[in-house]
Amino acid sequence: MTRSAPKTVVITGTSRGIGQVTALRFMTEGWRVISCARGPLPEDLVRDDNWQHHLQVDLGAGDAVDVLIREVKAILNGDPLHALINNAGVSPKTPFKERLGILNGPIDGWRAVFELNFFTPLRLARGFAADLHKGKGTIINITSIAGHYVHPFAGSAYSTSKAALSGLTREMAAELAQLGIRVNAIAPGEIKTEMISPEYEALIPRIPLDRMGTPEDVAACAFRLCSDEFSYITGSEVFVTGGQHLY
């Protein structure tokens, strides 16, 4: 990879947290970053020429996914795409500040969660399949430890949507291999971001490494999975949990 022909990555949900830190990691590694989020990037965020494109799109609304695909293809202008990182996700609360569960919250709320957490990665994979084929690229789906275990603070709607995304990762890997596209997932555990609440501190004793993870931990894993060094890895889900998933 050279400065004149950098690899290109599309990352969703980059306005903060894991998505933003992941975009910064790829940027500093010399990749061209095309990011998107519902809102703008922070004004004080330091970006270089590798990260010029940020698209404000609410991927859970209407034809926003199709709009994003068209705009990214216009930016690519026939160039290959080397990585797609499906990071955007939602875990909404009911009007009573509860997570969406089996017995509470509207069913339409469940549909909205699945639309962003599950169907959007599927639609983006379809939309960019030809571009990723051209770049012999990689898809990374950001799942969750909550998709594999009952989590005390994650609602059922969120957890089951992430479980479905884990299953989709497996099926994507099998089907897209014929196009030379690798597909893997990263399941973060307790990651310390500005969105996490104090109640999560109670989970630290359950983590063998005795600390919460950082967005940088997840970003490093995503970058390595997209590198040529991992060219024989597909259909895997990496638990970035400090060992929490062992119990």
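Computed from a predicted structure; not experimentally measured. (Residues numbered from 1 in each chain as written. Predicted model: local features only at pLDDT ≥ 70, side-chain atom pairs only at ≥ 80, totals over all residues. Heavy atoms only, no water.)

Engineer: Quick question: what am I supposed to make of the packing of aromatic side chains here?
Structural biologist: Each pair of aromatic rings is reported with the distance of its centres and the angle of its planes. Taken as a whole and judged by the stated rule, the model has five aromatic pairs. The interplanar angle of 85 degrees and the centroid separation of 5.0 Å between the aromatic rings of Phe26 and Trp31 together place this pair among those described as edge-to-face. For the pair Phe26 and Trp31, one class covers both residues: buried. Seen in terms of ring centroids, Phe26 and Phe223 are 5.3 Å apart; in terms of plane orientation they differ by 75 degrees. Their pairing is edge-to-face. Taken as a pair, Phe26 in helix α1 (residues 17-28) and Phe223 in helix α6 (residues 215-225) lie far apart in primary sequence, 197 residues in all. Among the residues examined, Phe26 registers a relative accessible area of 0% and is labelled buried. Judged by relative accessible area, Phe223 falls into the buried class, the value being 8%. Above the plane of the ring of Trp51 lies Arg47, whose end atom (NZ or CZ) is 5.5 Å from the centre. (Phe/Tyr/Trp six-rings, centres within 6.5 Å; stacked < 30°, edge-to-face > 60°. Buried < 20%, exposed > 50% of the residue type's maximum accessible area, 1.4 Å probe, protein only. Helix = DSSP H or I, 4+ residues; strand = E, 2+ residues; numbered from the N terminus. Lys NZ or Arg CZ within 6 Å of the ring centre and 35° of its normal.)

Engineer: Mind showing me how you'd approach the environment of Gly105 here?
Structural biologist: Mapped onto the elements, Gly105 comes out in the loop between β4 (83-86) and α3 (107-127). Residue Gly105 is classed as partly exposed on the basis of its relative accessible area, which comes to 38%. Separated by twelve residues in the primary sequence, Gly105 and Lys93 place their C-alpha atoms 8.2 Å from one another.

Engineer: Looking at this model, I keep getting lost on the side chain of Thr14. Mind explaining?
Structural biologist: Tracing the backbone through its elements, the reader meets Thr14 in the loop between β1 (8-12) and α1. Under the relative-accessibility criterion, Thr14 is labelled buried at 0%. Beyond its immediate stretch of four places on either side in the chain, Thr14 contacts Gly19, Gln20, Ala23, Ser35, Cys36, Ala37, Leu41, Trp51 and His54. (Contact = heavy atoms within 4.5 Å.)

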